[in-house]
Amino acid sequence: MKIMDYDVVVAGAGLAGLACACSLTRTSVALVARELPPALPADGIFDSRVYAISPGNVAHLERLGVWQRLPEAARTPVYGMRVHGDDGRSVLDFDAYEAGVSALAWIVEDSRLQAVLFELASARPEVSMHMPVELDRFDADAKGVNIALGDGRRLGARLLVGADGAGSRVRDQAGMSVTASDYGQIGVVANFRIARPHRGVACQWFQGGPVLALLPLPGDAVSMVWSLPDVEARALLAQPGERVEEAVFNATFGALGRLELIGTPRGFPLRRLQVPHPVSMRVALVGDAAHVVHPLAGQGMNLGLQDVRSLADILSRREPGRDPGDGALLRRYARTRAEDTLAMDAMVDGLFRMFGGSGIARVLRNPVLAIANRMPIFKSLMVRQAMS
Ligand SMILES: Cc1cc2nc3c(=O)[nH]c(=O)nc-3n(C[C@H](O)[C@H](O)[C@H](O)COP(=O)(O)OP(=O)(O)OC[C@H]3O[C@@H](n4cnc5c(N)ncnc54)[C@H](O)[C@@H]3O)c2cc1C
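Residues numbered from 1 in each chain as written. Predicted model: local features only at pLDDT ≥ 70, side-chain atom pairs only at ≥ 80, totals over all residues. Heavy atoms only, no water.

(A) Representation of the nonpolar core within the structure. One finds Val10, Leu61, Leu113 and Leu117 to be the most contacted residues of the largest nonpolar core, which totals 48 residues. Setting aside residues up to four positions removed in sequence, Leu117 forms contacts with Leu15, Leu18, Ala19, Cys22, Leu61 and Val66. Listed in part, the 23 residues of the second largest apolar core include Leu135, Val170, Leu285 and Ala289. (Core = buried A, V, L, I, M, F, W, Y, C linked by side-chain atoms within 4.5 Å. Buried < 20%, exposed > 50% of the residue type's maximum accessible area, 1.4 Å probe, protein only. Contact = heavy atoms within 4.5 Å.)

Right, here's the structure in full:
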């Protein structure tokens, strides 16, 4: 059978894989996607998966021409963020105006972003789409990568990018070491109409382990991520809508008034996954294949888009004729990403443990929050970290 040859094969067409196919320049790319993009929600209904996208990633999506194609009503700016401790008093506020930026982040729905990225990737002459089919296995050697697809076809490449999510087959077949642990929580996601305006402010409540976040959506709607212990999450998911509304109303102390559930809540098990070295011979990982963090800071996908930016930048700067799977380029990519990924993972996991722990963590966490709120330098450092 004839082998189709490319510079880069990207395995996985979630947000990281699609963004990769749109970002790589000076290369022929094959995108191997197991599924077609998810259907768009009906009018007036919102996707239950939404992302808070950092300004740095928004700027990249603008450069790709993705951002402009999202309807304006589908990009909700976050002007402020209010984090509540678990003592009912301590808060930490972030404000875009104080930080000197137009917005701290923008909220977009997963399916809308995927649809635009998919359209753009399909329209690029240098990208060939292979779908719906999965990467079955591959062999890499000094000359290239030989990839077998589930339908028997074979692809050849200089570089294989694993954008195939937390359970990455590319990572496992490359034999990369991985540390995975379970947070023992499920992220319950749901959208609500609210009685009081959100004014573009994202709110979060630490609850001594569980964490509840409400992100602003267009108009009078919000999107919830409530990270709850497995048993509690399953119990909540089994409740009728009115009980869910009541539970969220109570947990948020009525901050946004009465809530009306839109659509059906869904649950996502929460894990932490670290890959100390996300490259191997002719293979690089991006997105959740390379790291999974707790969603309490809304940064998982942001890290994935940063991976894509970094890999695309390194490959675009290579000398003419240089192999995109060259080991030195891949090591540069791994070094570039190590610091941001480690810092974000440590910050998110540290917050999870501080607000879920007992003993000294329990004594200190609320005072720390209140003190941090009075430290403009600390706040601007935090904002800068989340902007990239
Ligand atoms: C509750 C919750 C809320 C979150 N909120 C935020 C947020 O506000 N902001 C944020 O930045 N992040 C957030 N995240 C994190 C974010 O969802 C993930 O980081 C992101 O979706 C990962 O994208 P990905 O493309 O790397 O992986 P995935 O979305 O898992 O995509 C992987 C793709 O690869 C495909 N695939 C797998 N195996 C193969 C194969 N062998 N061959 C071909 N294709 C394959 C899959 O079908 C899938 O399409 C949240 C996560 C959770 C759980």
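(B) Representation of empty space enclosed by the protein within the structure. On inspection of all chains with the given rule, the structure shows one cavity of 30 Å³ or more. The computed volume of the largest cavity comes to approximately 30 Å³. Gln204, Val211, Ala213, Val225, Ser227, Pro295 and Leu296 are the residues that line the largest cavity. Those elements that provide at least two residues to the lining of the largest cavity are strand S14 (211–217) and strand S15 (221–229). Taken together, the residues of the lining of the largest cavity sort by class into five nonpolar, two polar and no charged. (1 Å grid on protein atoms, 1.4 Å probe; cavity = no way out; pocket = protein on both sides within 12 Å on 5 of 7 lines; lining within 4 Å. Points joined across faces, edges and corners; volume = space filled by probe spheres on them. Helix = DSSP H or I, 4+ residues; strand = E, 2+ residues; numbered from the N terminus. Nonpolar A, V, L, I, M, F, W, Y, C, P; charged D, E, K, R; others polar.)

(C) View of a nonpolar patch on the surface. The grouping of Ile360, Val363, Leu364 and Val368 at the surface amounts to a nonpolar patch, some 370 Å² of accessible area in total. Inspection of the secondary structure puts Val363 in helix H10 (residues 360–373). (Patch = residues over 30% accessible without salt bridge, like charges linked within 9 Å, V, L, I, M, F, W, Y side chains within 5 Å. Areas by Shrake-Rupley, 256 points an atom, 1.4 Å probe, with all protein chains shown as cover. Salt bridge = Lys/Arg side-chain N within 4 Å of Asp/Glu carboxyl O.)

(D) The arrangement of the pattern of salt bridges in detail. If you walk through the whole model with that rule in mind, you get 23 salt bridges. Arg272 is the salt-bridge partner of Asp349, the closest N and O atoms lying 3.1 Å from each other. Taken together, the residues span a long stretch of sequence, with Asp349 in helix H9 (residues 327–356) and Arg272 in strand S16 (residues 259–274) at a distance of 77 residues. A relative accessible area of 15% means that Arg272 is categorised as buried. In the salt-bridge network here, residues are joined through shared partners; they are Arg34, Glu35, Glu134, Asp136, Arg137 and Arg169.

(E) Main features of the sheet that holds strand S3 (residues 50–53). Read from one edge to the other, the open sheet built from three strands follows the order S3-S7-S4, with strand pairing classed as antiparallel. Of all the strands in the sheet, just S3 and strand S4 (76–78) have a single pairing partner and so form its edges. Going across the sheet, the axis of each strand differs from the next one's by a mean of 30°, ignoring polarity. Pairing geometry for S4 and strand S7 (residues 105–109), over three bridges, is antiparallel. Following the sheet pairing, Pro77 is matched in S7 by Trp106. (Pairing = 2+ DSSP bridges. Axes fitted to C-alpha atoms, helices over the stretch in contact; angles between N-to-C directions.)

(F) View of the packing of aromatic side chains. Enumeration according to the criterion identifies three aromatic pairs in this entry. A ring pair is formed by Trp67 and Trp106, whose centres lie 6.3 Å apart and whose planes are at 80°; its orientation type is edge-to-face. Placement of the pair is Trp67 in the loop between helix H2 (55–64) and S4 and Trp106 in strand S7, with a sequence separation of 39 residues. In this structure, Trp67 and Trp106 share a single accessibility class: buried. Here the aromatic rings of Tyr183 and Phe352 are separated by 4.5 Å at their centres, their planes lie at 65°, and the arrangement is edge-to-face. Taken together, the positions of Tyr183 in strand S12 (residues 179–194) and Phe352 in helix H9 put the pair 169 residues apart, joining distant regions of the chain. The residues Tyr183 and Phe352 share a single accessibility class, namely buried. Above the plane of the ring of Phe249 lies Arg258, whose end atom (NZ or CZ) is 3.9 Å from the centre. (Phe/Tyr/Trp six-rings, centres within 6.5 Å; stacked < 30°, edge-to-face > 60°. Lys NZ or Arg CZ within 6 Å of the ring centre and 35° of its normal.)

(G) Structural context of the pairing of strand S1 (residues 4–11). Judged from the seven bridges that link them, S1 and strand S11 (residues 154–162) form a sheet pairing that is parallel. Along S11, the bridge assignment pairs Ala11 with Gly162. Looking at chain direction, S1 and strand S2 (residues 29–32) are connected through four bridges and run parallel. The residue of S2 that forms the bridge with Val9 is Ala30.

(H) Region of the structure containing the layout of surface pockets. For the second largest pocket, the calculated volume is near 240 Å³. Taken together, 18 residues make up the lining of the second largest pocket; nearest its centre are Val275, Pro276, Ala338, Thr341 and Leu342. Top element by residues in the lining of the second largest pocket is H9. It accounts for seven residues.

(I) Structural view of the state of the cysteines. Per the stated rule, a full pass over the model turns up zero disulfides. Free of any disulfide, Cys20 has its nearest cysteine sulfur in Cys22, 9.3 Å distant. Taking the relative accessible area as the measure of exposure, Cys20 reaches 0% and is therefore buried. (Disulfide = S-S within 2.5 Å.)

(J) Main features of helix H7 (residues 241–251). Along H7, the residues classified as buried are Val244, Glu245, Val248 and Ala251. Buried positions in H7, seen along its axis, are confined to an arc of 135° and lie on one side of it. (Arc of directions from axis to C-beta.)

(K) Focus on the site of the ligand. Surrounding the ligand, one finds 29 residues, the nearest of these being Arg49, Leu135, Asp288, Met301 and Asn302. In this structure, Ala16 approaches the ligand through a main-chain N or O atom, which is 3.0 Å from an oxygen atom. Residue Gly298 places a main-chain N or O atom 2.9 Å away from a nitrogen atom belonging to the ligand. In isolation the ligand exposes 1,000 Å². Once the protein is present, 86% of that is buried. The set of elements that each furnish at least two residues to the shell around the ligand consists of helix H1 (15–23), S3, S16 and helix H8 (300–316). The residue makeup of the shell around the ligand, split by class, is 15 nonpolar, eight polar and six charged. (Near = heavy atom within 4 Å. Polar contact = N/O pair within 3.5 Å; in protein donor to acceptor, adjacent residues only side chain to side chain.)

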